[in-house]
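# Close look at the chain arrangement
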Amino acid sequence: MSTIRWGILATGGIAATFTGDLKLLPDAEVVAVGSRTAESARAFADRHGIPRAHGSWAELAADPDVDIVYVANTQNAHYDAVLTCLNAGKAVLCEKAFTLNRVQAAKLVDLARERGLFLMEAMWTRCVPGVRKIVELVEDGAIGPVASVHADFGILASVGPEHRLRDPAQGGGALLDLGVYPISFAHLLLGDPAEVRAWARLTPEGVDENTGMVLGYDSGAVAVLSCGITAATPVTATISGPLGRIEVPGPFFRPDTFVLHRSEAEPETFHVPYEGSGMLHEAAEAMRCLREGLLESPLVPWQTTLDVMGVMDEVRAQVGVRFPGE
């Protein structure tokens, strides 16, 4: 597989950004795009110089020249889109939040395992060089055992009730769209929590618009996390331990610099640039796994995706958010 051939499922902004990053990889080729309508697929293909446009997900999944499909539609549709691709024998890189809940995620993981197909959540944070360097420092004991993680992701979204961020039918709310980042960041450093405590203010439509979470771990560590669509927050993170702390400026989920503070030492700034928009790195990881015959990425393993979905299920249960059909 000297060149990995990609299909793009969906035609929105994130699909466009990802497609742009793929063009920076010499061993990647975007050969097809699929959408719910032929018109949307053709317009996207024309804009990005993609040879084939398919007017349905099934047509894209059946394209014999596609090695892997990048799923970039709204999160309420991820389950059906990934299911279509896996059933057609295609490897998949799927945007986060991976699905609406852990039950859906587990079904897709089980199917990928059964079919012997590669499947990965597109949690680019775990693949960008800056975060990988942070993990390396923590694992090497730079700050000692992690005692706490603080992270936030809030935006000011002045949108109406029909917008996907406020629509329960589209998996709306701050948690799945934004909260997945601080939760995943905490999981990267501390693993699956032993306890979850959450509070949220809900919109009239019944999705969370401002959410706080405290995660507790068997080690005694805590993670204090927040997400919201009512105010633009710093989108920063801090990892603390007995020997010091690492401060990650915004946006913490795609840092190109961070600062290590240690007792009786001058702060040490690390510059670790990412390439493209940063999405390039998750694509490169998916292609590496395909070439090596892996079903899951060691950077974004299936269990991590299931754990994070489970935490978000518990947060929603505590704050009272349910999606149609659950």
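Residues numbered from 1 in each chain as written. Predicted model: local features only at pLDDT ≥ 70, side-chain atom pairs only at ≥ 80, totals over all residues. Heavy atoms only, no water.

Moving on, we come to the overall build of the protein. When its secondary structure is counted, the protein shows nine helices and 14 strands. Taking 2.2 N^0.38 as the reference for a compact globule, 326 residues should give roughly 20 Å; the C-alpha atoms of the protein span a radius of gyration of 20 Å, in line with that estimate. Each of the three principal axes of the protein carries a C-alpha extent, and together these read 60 × 45 × 35 Å. Looking at the protein residue by residue over its 326 residues, the buried ones come to 56%. The long-range fraction of contacts in the protein, counting pairs at least 24 apart against all pairs at least 6 apart in sequence, stands at 65%. Total accessible area computed for the protein in this model is approximately 13,000 Å², and 51% of it derives from carbon and sulfur atoms. (Helix = DSSP H or I, 4+ residues; strand = E, 2+ residues; numbered from the N terminus. Rg over C-alpha atoms; globule rule 2.2 N^0.38 Å. Buried < 20%, exposed > 50% of the residue type's maximum accessible area, 1.4 Å probe, protein only. Contact = heavy atoms within 4.5 Å. Areas by Shrake-Rupley, 256 points an atom, 1.4 Å probe, with all protein chains shown as cover.)

A few words on the sheet that holds strand β2 (residues 28–34). In a beta sheet, neighbouring strands are held together by backbone hydrogen bonds and run either parallel or antiparallel to one another. Spatially, the six strands line up as an open sheet ordered β3-β2-β1-β4-β5-β6, and their pairing is parallel. Strand pairing shows two members of the sheet lacking a second neighbour, β3 (52–54) and β6 (119–121), which therefore form its edges. Averaged over all pairs of adjacent strands, the angle between strand axes in this sheet comes to 25°, irrespective of strand direction. Looking at chain direction, strand β1 (residues 4–9) and β2 are connected through six bridges and run parallel. Bridged to R5 within β2 is E29. The strands that helix α1 (residues 13–22) touches are β1, β2, β4 (68–71) and β5 (91–94); relative to β1, the one it contacts most, it runs at about 165°. Helix α2 (residues 38–48) rests against β1, β2 and β3 of the sheet, and its axis sits at about 160° to β3. (Pairing = 2+ DSSP bridges. Axes fitted to C-alpha atoms, helices over the stretch in contact; angles between N-to-C directions.)

The set of residues buried in helix α4 (residues 78–87) consists of H78, Y79, A81, V82, C85 and L86. The buried residues of α4 occupy one face: seen down the axis, they fall within an arc of 165°. Looking at the buried positions of α4, the neighbouring elements they touch are β1, α3 (57–62), β4, β5, α5 (102–115) and β6. One or two residues past the end of α4 sits G89, with phi positive at roughly 85°. (Arc of directions from axis to C-beta.)

Take the pattern of salt bridges next. Throughout the structure, instances matching the rule amount to 19 salt bridges. In this structure, the salt-bridge partner of D67 is R5, at a minimum N-O distance of 3.0 Å. Here the residue D67 occupies a position in the loop between α3 and β4, and R5 occupies one in strand β1, the gap between them amounting to 62 residues. By relative accessible area, D67 is classed as buried at 19%. A salt bridge links E292 to R288, with the nearest nitrogen and oxygen atoms 3.1 Å apart. Judged by relative accessible area, E292 falls into the partly exposed class, the value being 49%. Members of the salt-bridge network, linked through shared partners, are R5, R52, D63, D65 and D67. (Salt bridge = Lys/Arg side-chain N within 4 Å of Asp/Glu carboxyl O.)

Sheet architecture is open: eight strands sit in the order β8-β9-β10-β7-β11-β12-β13-β14, paired in mixed fashion. Here the strands that pair on one side only, and so sit at the sheet edges, are β8 (195–202) and β14 (268–271). Mean inter-strand twist for the sheet, computed between neighbouring axes without regard to direction, equals 10°. Pairing of strand β9 (residues 208–216) with strand β10 (residues 222–228), which is carried by seven bridges, proceeds in the antiparallel orientation. Residue pairing across strands places G212 opposite S226, the latter belonging to β10. Lying over the sheet, helix α7 (residues 174–190) contacts β7 (148–154), β9, β10, β11 (237–241) and β12 (244–248), oriented at roughly 160° with respect to β10. This element, helix α9 (residues 302–319), spans β8 and β9 of the sheet and lies at about 55° to β8.

Turning our eyes to something else, we now look at the state of the cysteines. Tallied over the entire structure, the rule returns zero disulfides. A disulfide-free cysteine, C227 has its sulfur positioned 19 Å from the sulfur of C94, the nearest such atom. (Disulfide = S-S within 2.5 Å.)

Moving on to the side chain of N101. Looking at the secondary structure, you find N101 in the loop between β5 and α5. Judged by relative accessible area, which is 12%, N101 ranks as buried. A distance of 2.9 Å separates a polar side-chain atom of N101 from the backbone nitrogen of Q104. Other than its neighbours up to four places away in sequence, N101 contacts M309, D313, R316 and E326. (Polar contact = N/O pair within 3.5 Å; in protein donor to acceptor, adjacent residues only side chain to side chain.)

This part takes up the packing of aromatic side chains. For any pair of aromatic rings, the description consists of the separation of the ring centres together with the inter-plane angle of the planes. Applying the stated rule across the entire model yields nine aromatic pairs. Ring geometry for F185 versus F252: centroids 5.2 Å apart, planes at 65°, classification edge-to-face. Within this pair, whereas F185 is found in helix α7, its partner F252 is found in the loop between β12 and β13 (257–262), the two being separated by 67 residues in sequence. Considered together, F185 and F252 belong to a single accessibility category, that of buried residues. (Phe/Tyr/Trp six-rings, centres within 6.5 Å; stacked < 30°, edge-to-face > 60°.)

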